[in-house]
Amino acid sequence: MSIFQKFSGNPVLTPEQFPDDIMYVFNPGAVKFNGEYLLMVDAATAATPIVFWLARSRDGVHFTIDPEPVEWPVPAAGPENCVYDPRITLIDGEYILMYASQAAGRGVRTGVVRTRDFRKFERIEQEENGRNNRNSVLFPEKIGGRYVRLDRPMGDNELEPSDMCISYSRDLAHWEESQVLMTPRPGCWDSHKIGGGAVPIRTERGWLEIYHGVDRTCNGFIYRLGVVLLDLENPAEIIARGGLPVLWPERCYEMQGRVMNVTFTCNAIPEPDGSVRIYYGAADSCIGLATAKLDDLVAACFVGNPTAEKFFFRRS
Ligand code: BMA
């Protein structure tokens, strides 16, 4: 059984709730903002690139959709033709958004935008290093005086295997000391590609990161979610990496759609009762809700992993 319990009314957000031409909604960034659950959703038509669209809810299940997509600031280098997979981090009183920024002839880069109110968005221009990079997730605290992010530099062919990296910055514009944090594990559910998922959650035992792993089958890729625990002082150090996924495609809405067999998250919201909720993209088509106990997620980092310090997983 999955560590995450899926909401019985899933999917919680579908394209039908959006204006007519939106055919797919998925992979939202999510935060609690002004007493509401706020989702920044990838919204796509059949013909046009993905845009961001906000959806808001008091109870986390019934959403009101903004009338228009987000007014997104244009980069100095010229317009993007596709933006997707926003990760929203609250740090030092403002929200920093990291997302995949695609432009014709420029490849894909991590775009960085700040906001305080989710109305006005201001771009933080990034130093150009000529490399594709996405799946960037900013930690919610500076560590050793620097911003820290998980990211995923990659080649031009997005079907190729790729590692999850960690990088540091003093100003959110120049990123340094990029190093490989984790590699795919042959023979496992994350055998082909891995990348950051949710904004890491501080726990007593370390930073809990919910990441995505891709497995290659004879009939295409499967995207699942797993967990890893990173050292609080030195997040480049892995304390324990779960051997098993914590959420995977198993229902029709997760297995059939724009892209088959995809569960993908850009968020995790810790709740006061010790649970964590995620809004996850399902088959790149709609959005599901799932909850787990934070303690169970931390425990799952030590399960099925021969290098784990201790095997103590027990469902309560
Ligand atoms: C990844 C990203 C995600 C997408 C996933 C499955 O590489 O592009 O936005 O959900 O592939 O298609």
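Residues numbered from 1 in each chain as written. Predicted model: local features only at pLDDT ≥ 70, side-chain atom pairs only at ≥ 80, totals over all residues. Heavy atoms only, no water.

(A) The arrangement of the site of the ligand in detail. Every residue close to the ligand is listed here: N27, Y84, D85, R134, E158, Y223, V259, V262, F264 and D284. One of the side-chain nitrogen or oxygen atoms of D85 is found 2.7 Å away from an oxygen atom of the ligand. For the ligand, an oxygen atom lies 3.1 Å from a polar atom in the side chain of Y223. Taken by itself the ligand offers 310 Å² of open surface, and the protein chains cover 89% of this. Class assignment for the residues of the shell around the ligand results in 5 nonpolar, 1 polar and 4 charged. (Near = heavy atom within 4 Å. Polar contact = N/O pair within 3.5 Å; in protein donor to acceptor, adjacent residues only side chain to side chain. Areas by Shrake-Rupley, 256 points an atom, 1.4 Å probe, with all protein chains shown as cover. Nonpolar A, V, L, I, M, F, W, Y, C, P; charged D, E, K, R; others polar.)

(B) Fine view of the side chain of R123. Among the structural elements, R123 can be located in strand β9 (residues 122–123). What makes R123 buried here is its relative accessible area of 15%. (Helix = DSSP H or I, 4+ residues; strand = E, 2+ residues; numbered from the N terminus. Buried < 20%, exposed > 50% of the residue type's maximum accessible area, 1.4 Å probe, protein only.)

(C) Fine view of the environment of H62. Checked against the element boundaries, H62 lands in the loop between β4 (51–57) and β5 (64–65). According to the relative accessible area criterion, H62 is exposed, its value standing at 58%. Sequence-wise, H62 and Y37 are 25 residues apart; in three dimensions their C-alpha atoms are separated by 9.9 Å. Only 2.5 Å separates the side chain of H62 from the side chain of D59, close enough to count as a polar contact.

(D) Looking closely at the sheet that holds strand β11 (residues 147–154). Here 4 strands make up an open sheet; going across it, the order is β10-β11-β12-β13 and the pairing antiparallel. Both outer strands of the open sheet, β10 (132–138) and β13 (176–182), are each paired with one neighbouring strand and no more. Each strand axis lies, on average, 35° off the axis of its neighbour in the sheet, ignoring direction. Bridge count for β11 against strand β12 (residues 164–169) is 5 bridges, and the pairing is antiparallel. (Pairing = 2+ DSSP bridges. Axes fitted to C-alpha atoms, helices over the stretch in contact; angles between N-to-C directions.)

(E) Quick peek at the packing of aromatic side chains. If you walk through the whole model with that rule in mind, you get 14 aromatic pairs. Both rings, one in F52 and one in Y99, keep their centres 5.7 Å apart while their planes meet at 85°; by these two values the pair is edge-to-face. Taken together, the positions of F52 in strand β4 and Y99 in strand β7 (residues 94–103) put the pair 47 residues apart, joining distant regions of the chain. You can call F52 buried: its relative accessible area is 3%. One aromatic cluster is present, formed by F33, F52, W72, Y95, Y99, F118 and F121 through successive ring pairs. Just above the ring of F221 sits the side chain of K193; from NZ or CZ to the centre is 5.9 Å. (Phe/Tyr/Trp six-rings, centres within 6.5 Å; stacked < 30°, edge-to-face > 60°. Lys NZ or Arg CZ within 6 Å of the ring centre and 35° of its normal.)

(F) Fine view of the pattern of salt bridges. For the coordinates displayed, the defined rule picks out 16 salt bridges. D190 is the partner of R241 in a salt bridge, and the nearest nitrogen-oxygen pair spans 2.7 Å. Of the two residues, R241 sits in strand β18 (residues 238–241) while D190 sits in the loop between β13 and β14 (193–195), which places them 51 residues apart along the sequence. Under the relative-accessibility criterion, R241 is labelled buried at 9%. By relative accessible area, D190 is classed as buried at 0%. Each member of the salt-bridge network shares a partner with another, and the members are K6, E250 and E254. (Salt bridge = Lys/Arg side-chain N within 4 Å of Asp/Glu carboxyl O.)

(G) View of the nonpolar core. Ranked by size, the top nonpolar core spans 27 residues in total, and within it F4, L208, I210, V227, V246, I278 and L297 carry the most contacts. Counting only elements with at least two residues in this core, the list comes to β16 (206–217), β17 (220–230), β21 (275–282), β22 (286–293) and α2 (294–300). Here F4 is in contact with I210, V246, L247, V276, I278, A290, T291, A292 and L297, once residues within four sequence places are set aside. (Core = buried A, V, L, I, M, F, W, Y, C linked by side-chain atoms within 4.5 Å. Contact = heavy atoms within 4.5 Å.)

(H) View of the sheet that holds strand β2 (residues 24–33). Spatially, the 4 strands line up as an open sheet ordered β2-β3-β4-β5, and their pairing is antiparallel. At either end of the open sheet lies a strand with only one pairing partner, and these are β2 and β5. Pairing of strand β3 (residues 36–44) with β4 involves 7 bridges; the strand directions are antiparallel. Bridging across to β4, M40 finds its partner in L54.

(I) Focus on the environment of D92. Among the secondary structure elements, D92 is positioned in the loop between β6 (82–91) and β7. Taking relative accessible area as the criterion, D92 reaches 60% and is therefore assigned exposed. Distance from D92 to V12, taken between C-alpha atoms, is 31 Å for residues 80 residues apart in sequence. The residues touching D92, leaving out its near neighbours within four places in the chain, are K142 and Y147.

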